[in-house]
Amino acid sequence: MSRESDFKVRSKYDKYGAVTIRNARQVDKGAIWEIHIRAIKELCKSHYSERELQIWTEVLKPVRYEEQISKGPFFVAVAGDSIIGFGNLNQKSGEIEALYVDPEYAGRGVGIKILQALENQALDLGLKLLRLTSSLNAVRFYERAGYKPQKQKRWLLPSEMVVCVPMVKELVEELS
Ligand SMILES: CC(C)(COP(=O)(O)OP(=O)(O)OC[C@H]1O[C@@H](n2cnc3c(N)ncnc32)[C@H](O)[C@@H]1OP(=O)(O)O)[C@@H](O)C(=O)NCCC(=O)NCCS
């Protein structure tokens, strides 16, 4: 059963305007691509060099999201008519593969809403453990959401290795 109605969570951040979470559609992939690039360039620059950011972003292309969107779960956060964030879960591996927020909307609770939607979906799919590979700048965000850092590792971009942090969370169904 879909938990889409659960996604309209009210929070202290709602003063910034209503944000809803919905399933991504193929037509969204251009907007997703733009946010992906801007989020890396703006929000990750505190922890990575310009060269690393360049290599990281130049391999991204809209077509790359097609398979992930069709497999799902792949959610977008929407404010008005605009997509302002996205995230996806690989249900086979139990891995959150991406979570990115438009830098203009960062710090307003959008990332946590997408993450909660992915976790709810993971619970519905019967997953007990979620994994992800966090960029260094996002570790505190995930820690606040209950993820535990593992040993740092180096992650291969096409021509460079960058440092990142594997993280895990045991999922617990909350009784309501
Ligand atoms: C990481 C990211 C998804 C967070 O999204 P966001 O919408 O800015 O985060 P939220 O506003 O939902 O933050 C939720 C909580 O985490 C905290 N938080 C968010 N980013 C944080 C950071 N970089 N460091 C410390 N705390 C952070 C917030 O203060 C907030 O805490 P609160 O509930 O006590 O107020 C977003 O900054 C982003 O897209 N970063 C670049 C891409 C990236 O690194 N993605 C992860 C790749 S795996």
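These numbers were taken from a predicted model, which means no experiment stands behind them.

About the thresholds
- Residues numbered from 1 in each chain as written.
- Predicted model: local features only at pLDDT ≥ 70, side-chain atom pairs only at ≥ 80, totals over all residues.
- Helix = DSSP H or I, 4+ residues; strand = E, 2+ residues; numbered from the N terminus.
- Buried ≥ 20, exposed ≤ 12 C-beta atoms within 10 Å, placed from the backbone.
- Contact = placed C-beta atoms within 7 Å.
- Pairing = 2+ DSSP bridges.
- Right-handed = clockwise from strand over helix to strand, strands pointing away.
- Near = placed C-beta within 6 Å.
- Nonpolar A, V, L, I, M, F, W, Y, C, P; charged D, E, K, R; others polar.
- Core = buried A, V, L, I, M, F, W, Y, C linked by C-beta atoms within 7 Å.
- Expected span 1.5 Å × (residues − 1).
- Arc of directions from axis to C-beta.
- Axes fitted to C-alpha atoms, helices over the stretch in contact; angles between N-to-C directions.
- Parallel < 35°, antiparallel > 145°, perpendicular 65-115°, else oblique.

### Some details on the overall build of the chain
And step 1. Secondary structure summary: the chain contains five helices and eight strands in total.
And step 2. Expressed as a percentage of the 176 residues in the chain, the buried residues total 29%.
And step 3. The contacts of the chain with a sequence gap of at least 6 include a subset with a gap of at least 24, amounting to 64%.

### Notes on the pairing of strand β5 (residues 129-135)
And step 1. Examined bridge by bridge, strand β4 (residues 95-101) and β5 share two bridges and lie parallel to one another. Each residue of the ladder has a partner; that of Ile96, found in β5, is Leu132.
And step 2. The β-α-β motif built from β4, the intervening helix α4 (residues 110-124) and the parallel element β5 has right-handed crossover chirality.

### Considering the site of the ligand
And step 1. Taken together, 21 residues form the shell around the ligand, and within it Leu43, Ala106, Gly111, Ile112 and Arg140 come nearest.
And step 2. Tallied by class, the residues present in the shell around the ligand amount to twelve nonpolar, six polar and three charged.

### Section: the nonpolar core
And step 1. Core analysis: the largest hydrophobic core is formed by 35 residues, its most contacted members being Ala24, Phe75, Ala77, Phe86, Val110, Ile114 and Leu118.
And step 2. The set of elements that each furnish at least two residues to this core consists of α1 (29-43), β2 (74-79), β3 (82-90), β4, α4, β5 and β8 (160-170).
And step 3. With six residues, α4 is the single largest residue contributor to this core.
And step 4. Once you skip the residues sitting within four places of it in the chain, Phe75 turns out to touch Ile21, Arg22, Asn23, Ala24, Phe86, Gly87, Ile114, Ala117 and Leu118.

### Observations regarding α1
Side chains of residues three or four places apart in an α-helix project in the same direction, reflecting 3.6 residues per turn.
And step 1. Between its terminal C-alpha atoms α1 stretches 20 Å, which fits the 21 Å expected from 15 residues at 1.5 Å a residue.
And step 2. Here α1 has its buried residues at Lys29, Ile32, Ile35, His36, Ala39 and Ile40. Seen along its axis, α1 keeps its buried residues to an arc of 125°; they face one direction.
And step 3. The inward-facing, buried residues of α1 abut α2 (50-58), α3 (66-71), β2, β3 and β4.

### Topic: the environment of Ile21
And step 1. Along the chain, Ile21 turns up in strand β1 (residues 20-23).
And step 2. Using a count of 24 C-beta atoms within 10 Å as the deciding quantity, one classes Ile21 as buried.
And step 3. A sequence separation of 93 residues divides Ile21 from Ile114, and the C-alpha atoms of the two residues are 6.8 Å apart.

### Looking at unusual backbone geometry
And step 1. In this structure, the amide linkage connecting Gly72 to the following residue, Pro73, adopts the cis form with an omega of -10°.
And step 2. Tracing the chain through its elements places Pro73 in the loop between α3 and β2.

### With respect to the environment of Asn90
And step 1. Structurally, Asn90 can be placed in strand β3.
And step 2. Residues Asn90 and Gly72, 18 residues apart in the sequence, show an inter-C-alpha distance of 7.3 Å.

### Comments concerning the packing of α1 against α2
And step 1. Running from amino to carboxyl end, α1 crosses α2 at an angle of 170°, the nearest separation of the two axes being 10 Å. In terms of their interaxial angle, α1 and α2 are classed as roughly antiparallel. Mapping the contact onto sequence places Ile37, Ile40 and Lys41 in α1 and Leu53, Trp56 and Thr57 in α2.
And step 2. Tallied by class, residues from the contact of α1 with α2 come to four nonpolar, one polar and one charged.

### Structural notes on the environment of Glu34
And step 1. Tracing the backbone through its elements, the reader meets Glu34 in helix α1.
And step 2. Note on Glu34: 14 C-beta atoms within 10 Å, which makes it partly exposed.
And step 3. Along the sequence, Glu34 and Leu60 sit 26 residues apart, while their C-alpha atoms lie 9.5 Å from each other.

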